[in-house]
2 protein chains.
Amino acid sequence: MEVGQVLHMNAGTGETSYSNNSHLQKKVISMTMPIIEEAMTNLYSSTSPSSLVIADLGCSSGHNSLFVVSELIKIVEKLRQKSGHQSPEIQVLLNDLPGNDFNTIFKSLPSFQKNLSSQLESKDAGPYFFSGVPGSFYGRLFMRKSLHFLHSSYSLHWLSQVPEQIENNKRNIYMASTSPPNVPKAYHSQFQRDFSTFLKCRAEEMVTGGRMVLTFMGRKSEDPTKKDGSNSMWELLAMALNDMLSKGLINEEKMDSFNIPHYTPSLSEVKSEIVEEGSFSIDRLEFSEINRSTYYKEYNHSNISEIAANSIRAVAESLLVSHFGDGIIEKVFSSVGHAYFLI
Amino acid sequence: MEVGQVLHMNAGTGETSYSNNSHLQKKVISMTMPIIEEAMTNLYSSTSPSSLVIADLGCSSGHNSLFVVSELIKIVEKLRQKSGHQSPEIQVLLNDLPGNDFNTIFKSLPSFQKNLSSQLESKDAGPYFFSGVPGSFYGRLFMRKSLHFLHSSYSLHWLSQVPEQIENNKRNIYMASTSPPNVPKAYHSQFQRDFSTFLKCRAEEMVTGGRMVLTFMGRKSEDPTKKDGSNSMWELLAMALNDMLSKGLINEEKMDSFNIPHYTPSLSEVKSEIVEEGSFSIDRLEFSEINRSTYYKEYNHSNISEIAANSIRAVAESLLVSHFGDGIIEKVFSSVGHAYFLI
């Protein structure tokens, strides 16, 4: 499976779109906002730049894609007013894989820019320039020494490919407690290769003194097969797919060759890759926990099983369609909804 | 009508798409290639850059959108091999209005890059980075002093808006021989404002010594109402719309308030704006003629009326739908096809 050519969050603004099923992702961005603000404040204070290039890697489409950007612009505008400097020109680079729905983001830009101007209440703020950059962040995306600030939220848990030689991970589609020991090992190696490649590429692209805030799903435990948020999400999907298998809707060979290119590293795994790669120093490295059920209640959605099914569907549908075809999709996610109360 | 939010070439790759109805535009690009090559050769020879930023303004989608880019990259690669320099990093910025079908271009990039590499036959060529830049080129699009080479083909004949105060241009939708004298005057003023704004914005964005190649539809005659290629295209469409009016399918008020935001300047009009604005010097200013019917025969399409209808549809459908709704589109272009042999 060519993950870079296949994976994309569900497009548009319909019921099963990523846009309508990424409230949790927005909550996560809000949680990390104080860290983002601190990083941008440090960057601005140390350089007072007359131009500033900000990249958001794995921006997807929908409500969240421009949320951080607008917050970052407001932070910069506050800082430059306080310091009495002229407003810097800001270039915003929105990156995701080539299958991402960039058209929807681009069409929303005129009204986004209008709203932003009215919120800034300053006639001499900006100008702001926006680009879409299609491509995998496990390769070079930008010119040498061209980025000042880099943000990526809820993207770096996606691997560049399904780890190799895990054909024996039968009936599972991820690292599960019943996976053979080579499976979590292969997943970890793939994460190491991918994350260090990511760091190497960004080291070439960032200016000296630039700042990077990366947020991704991780695990609390050092044991990768221990049930946690991400594991239980894929466990739900595995149950639904095994249900399809038992009904003869998919065949064994297809089931056994499907695995999710996703990895949730522990804090120590992240740290050791950054230290080993050597290009970046760590200002802050933190683990935060979010209780999905509590959050969904807060967000006032009564049907948690429906949310769970839609949120998995919004991110994983493209992978499933590319492997199994689109005939089983409705059945799979109806089954995911039913299975929710079983785990 | 907000042209910037409405106008876009027909998306996708279907029968009425711009992609399938822009062969003439490709022919035009081929005709201008010697000029493009000369401009890039001058730029490279005078600066031997280690990084190079190329922008294509009004790129649209389909076959042509990356054609010039690939030619430009090949020219640079040839020059740098000849000079023995290292390959520069090249950033390609693809611009069009926010409604353009960027998704289709982005999805084609992986195979485009693969083909390009195989054509270059040099392992150390590149790297090449691609971005989409949504927005009107009658405003700033890029950071200050960031562009080295700018290309725009078959776009600058689109105005930023329909000229004001031409409500008396009844039954016409463009400058026609029966238009009142204020109509061509208003069109010309709008062109002057738009083209000088374009030049001012680009002057801020381009590096000193950068090169720009602009190709657009123009007229041979100094008289703007004289029938030529572009006039006869809109005359065909006007006949079809008047046919809809006589059949009661559109109303008079709608017909009279519809005008095409398009202007074909003469060579002297182009020259005088460039000289007056003052930021750029002219290396070459040329008029070339292309006989559409001869070209279509060359390109081996037997049904010229169908080509004419589809080529107008591919560029004007978005404007018509936004003004008249989509109910009349099929009828209008069937009528355009029939009218072809009448003018």
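Residues numbered from 1 in each chain as written. Chains lettered and ligands numbered in written order. Predicted model: local features only at pLDDT ≥ 70, side-chain atom pairs only at ≥ 80, totals over all residues. Heavy atoms only, no water.

Chemist: Break down the overall build of chain A for me, with residues and values.
Modeler: Broken down by element type, chain A carries 11 helices and 5 strands. The C-alpha radius of gyration of chain A comes to 21 Å, within 12% of the 20 Å expected for a compact globule of 343 residues. Reported as C-alpha extents along the three principal axes, the dimensions of chain A are approximately 65 × 40 × 35 Å. Considering only residue pairs separated by 6 or more positions, chain A has 81% of its internal contacts joining residues 24 or more positions apart. By element, 49% of the accessible surface of chain A is carried by carbon and sulfur atoms, the whole surface being about 14900 Å². The averaged location of the 37 negative side-chain charges in chain A is 3 Å from the averaged location of its 31 positive side-chain charges. (Helix = DSSP H or I, 4+ residues; strand = E, 2+ residues; numbered from the N terminus. Rg over C-alpha atoms; globule rule 2.2 N^0.38 Å. Contact = heavy atoms within 4.5 Å. Areas by Shrake-Rupley, 256 points an atom, 1.4 Å probe, with all protein chains shown as cover. Lys, Arg positive; Asp, Glu negative; His and termini not counted. Charge placed at Lys NZ, Arg CZ, Asp CG, Glu CD.)

Chemist: I'd love a proper account of the interface of chain B and chain A, names of residues and values included.
Modeler: With 28 residues of chain B at the contact, the number on the chain A side is 28 residues. Counting the surface lost from both chain B and chain A, the interface buries some 2300 Å², and carbon and sulfur atoms represent 60% of this. The interface formed by chain B and chain A contains 4 salt bridges. Arg144 of chain A serves as the salt-bridge partner of Glu89 of chain B, at 3.3 Å between the closest nitrogen and oxygen. The interface formed by chain B and chain A includes 10 residue pairs in polar contact (both at pLDDT 80 or more). Secondary structure elements with two or more residues in the side of chain B that touches chain A: strand E1 (51-57), strand E2 (89-96), helix H4 (102-120) and strand E3 (128-134) of chain B. (Buried area = accessible area lost by both parts, 1.4 Å probe. Salt bridge = Lys/Arg side-chain N within 4 Å of Asp/Glu carboxyl O. Polar contact = N/O pair within 3.5 Å; in protein donor to acceptor, adjacent residues only side chain to side chain.)

Chemist: Can you tell me about the packing of helix H3 (residues 67-83) of chain A against helix H4 (residues 102-120) of chain A, naming the residues and giving the values?
Modeler: Residue and element names in this part refer to chain A. Their axes nearest at 11 Å, the elements H3 and H4 cross at an angle of 30°. Our classification of the angle between H3 and H4 gives roughly parallel. In terms of crossing hand, the pair formed by H3 and H4 is right-handed. Contacts between H3 and H4 involve Val69, Ser70, Ile73, Lys74 and Glu77 from the former and Phe112, Leu116, Gln119 and Leu120 from the latter. Of the residues in the contact of H3 with H4, the class split is 5 nonpolar, 2 polar and 2 charged. (Axes fitted to C-alpha atoms, helices over the stretch in contact; angles between N-to-C directions. Parallel < 35°, antiparallel > 145°, perpendicular 65-115°, else oblique. Left-handed = near helix turned anticlockwise from the far one by under 90°. Nonpolar A, V, L, I, M, F, W, Y, C, P; charged D, E, K, R; others polar.)

Chemist: Could you give an account of the relation of the copies chain B and chain A, with specific residues and numbers?
Modeler: Related by rotation about an axis and a shift along that axis, the two copies of the chain form a pair. Of the transformation placing chain B onto chain A, the axial shift is 0.0 Å and the rotation is 180°, giving an RMSD of 0.0 Å. Taken together, the turn and the small shift mark the pair as related by a two-fold rotation axis. Every residue of chain B has its C-alpha some distance from the rotation axis, and the shortest such distance is that of Gly132 of chain B, at 2.5 Å. The overlap is high: 100% of the interface residues of chain B also sit at the interface in chain A, so the same surface is used on both sides. (Least-squares fit on C-alpha atoms with pLDDT ≥ 70 in both.)

Chemist: Hey, could you go over the packing of aromatic side chains for me, with residue numbers and the actual values?
Modeler: Overall, the coordinates contain 27 aromatic pairs over all chains when judged by the stated rule. For the pair Phe191 of chain B and Phe195 of chain B, a centre-to-centre distance of 5.4 Å together with 15° between the ring planes defines the contact as stacked. Of this pair, Phe191 of chain B and Phe195 of chain B both sit in helix H5 (residues 182-205), separated by 4 residues, roughly a single helical turn. Note that Arg202 of chain A overlies the ring of Phe198 of chain A, its terminal NZ or CZ placed 4.9 Å from the centroid. (Phe/Tyr/Trp six-rings, centres within 6.5 Å; stacked < 30°, edge-to-face > 60°. Lys NZ or Arg CZ within 6 Å of the ring centre and 35° of its normal.)

Chemist: So what's going on with the environment of Leu93 of chain A? Residues and values would help.
Modeler: Residue and element names in this part refer to chain A. For Leu93, the location among the structural elements is in strand E2 (residues 89-96). Leu93 gets classed as buried once you look at its relative accessible area, which sits at 10%. Note: C-alpha distance between Leu93 and Leu150 (57 residues apart in sequence) is 9.4 Å. Beyond its immediate stretch of four places on either side in the chain, Leu93 contacts Val53, Ile54, Ala55, Asp56, Ser131, Val133, Phe142 and Leu147. (Buried < 20%, exposed > 50% of the residue type's maximum accessible area, 1.4 Å probe, protein only.)

Chemist: Which residues make up a nonpolar patch on the surface, and what are the values?
Modeler: Nonpolar side chains collect at one region of the surface, where Leu267, Val275, Ile282, Leu285 and Phe287 of chain B lie side by side and expose about 370 Å² of accessible area between them. As for its placement among the helices and strands, Leu267 of chain B is situated in helix H8 (residues 267-277). (Patch = residues over 30% accessible without salt bridge, like charges linked within 9 Å, V, L, I, M, F, W, Y side chains within 5 Å.)

Chemist: Now, about the pattern of salt bridges: what can you tell me, with residues and values included?
Modeler: All told, the structure shown has 37 salt bridges over all chains when counted by the stated rule. Note that Lys78 of chain B and Glu37 of chain B form a salt bridge whose closest N and O atoms lie 3.6 Å from each other. Taken together, the residues Lys78 of chain B in helix H3 (residues 67-83) and Glu37 of chain B in helix H2 (residues 23-47) connect sequence positions 41 residues apart. A residue is classified by how much of its surface remains accessible, and Lys78 of chain B, at 54% relative accessible area, is exposed. Accessibility expressed as a relative area gives 31% for Glu37 of chain B, which makes it partly exposed. Residues participating in the shared-partner salt-bridge network are Glu89 of chain A together with Arg140, Arg144, Arg202, Glu204 and Glu205 of chain B.

Chemist: Tell me about H8 of chain B, residues and numbers included.
Modeler: Residue and element names in this part refer to chain B. Within H8, burial applies to Glu269, Val270, Glu273, Ile274 and Glu277. Along the axis of H8, the buried positions cluster into a sector of 130°, meaning they face one direction only. Seen from the buried face of H8, the exposed residues on the opposite side, beyond 90 degrees, are Val275 and Glu276. Summarising the contacts, the buried residues of H8 are in contact with H5. Of the residues flanking the end of H8, it is Gly278, one or two places downstream, whose phi is positive at about 90°. (Arc of directions from axis to C-beta.)

Chemist: Report on the pairing of strand E3 (residues 128-134) of chain A, specifying residues and quantitative values.
Modeler: Residue and element names in this part refer to chain A. Of all the 7 residues making up E3, 7 are buried; the element is thus mostly covered by neighbouring parts of the structure. Here E3 shows two buried faces, one formed by Tyr128, Phe130, Gly132 and Pro134 and the other by Phe129, Ser131 and Val133. Where E2 lies against E3, 7 bridges are found, and the strand directions are parallel. Each residue of the ladder has a partner; that of Leu93, found in E3, is Ser131. Crossover connection from E2 via H4 to parallel E3: handedness right-handed. (Pairing = 2+ DSSP bridges. Right-handed = clockwise from strand over helix to strand, strands pointing away.)

Chemist: Go over H4 of chain A, please, and point to the residues and values.
Modeler: Along an α-helix, a turn takes 3.6 residues, which lines up residues three or four apart on a common side. Between the first and last C-alpha of H4 of chain A there are 25 Å, a value that for 19 residues agrees with the 27 Å anticipated at 1.5 Å per step. Of all bends in H4 of chain A, the biggest is about 45°, found at Leu109 of chain A, and the proline Pro110 of chain A comes one to four residues later. Residues of H4 of chain A that are buried include every one of Phe102, Asn103, Ile105, Phe106, Leu109, Phe112, Leu116 and Leu120 of chain A, and no others. Packing partners of the buried residues in H4 of chain A comprise H3, E2 and E3 of chain A together with H4 and E3 of chain B. Where H4 of chain A ends, the next residue or the one after it, Glu121 of chain A, has phi of about 50°, a positive value. (Expected span 1.5 Å × (residues − 1). Bend = angle between axes of the 7 residues up to and from the residue.)

Chemist: Give a detailed account of the packing of H2 of chain B against H3 of chain B, specifying residues and quantitative values.
Modeler: All names here are of chain B. At a closest axis distance of 10 Å, the pairing of H2 and H3 adopts a crossing angle of 30°. Crossing handedness for the pair H2 and H3: right-handed. Across the interface between the two elements, Lys26, Ile29, Ser30, Met33, Ile36, Glu37, Met40, Thr41 and Tyr44 from H2 touch Phe67, Val68, Glu71, Leu72, Ile75, Val76, Lys78, Leu79, Arg80 and Ser83 from H3. Taken together, the residues of the contact of H2 with H3 sort by class into 11 nonpolar, 3 polar and 5 charged.

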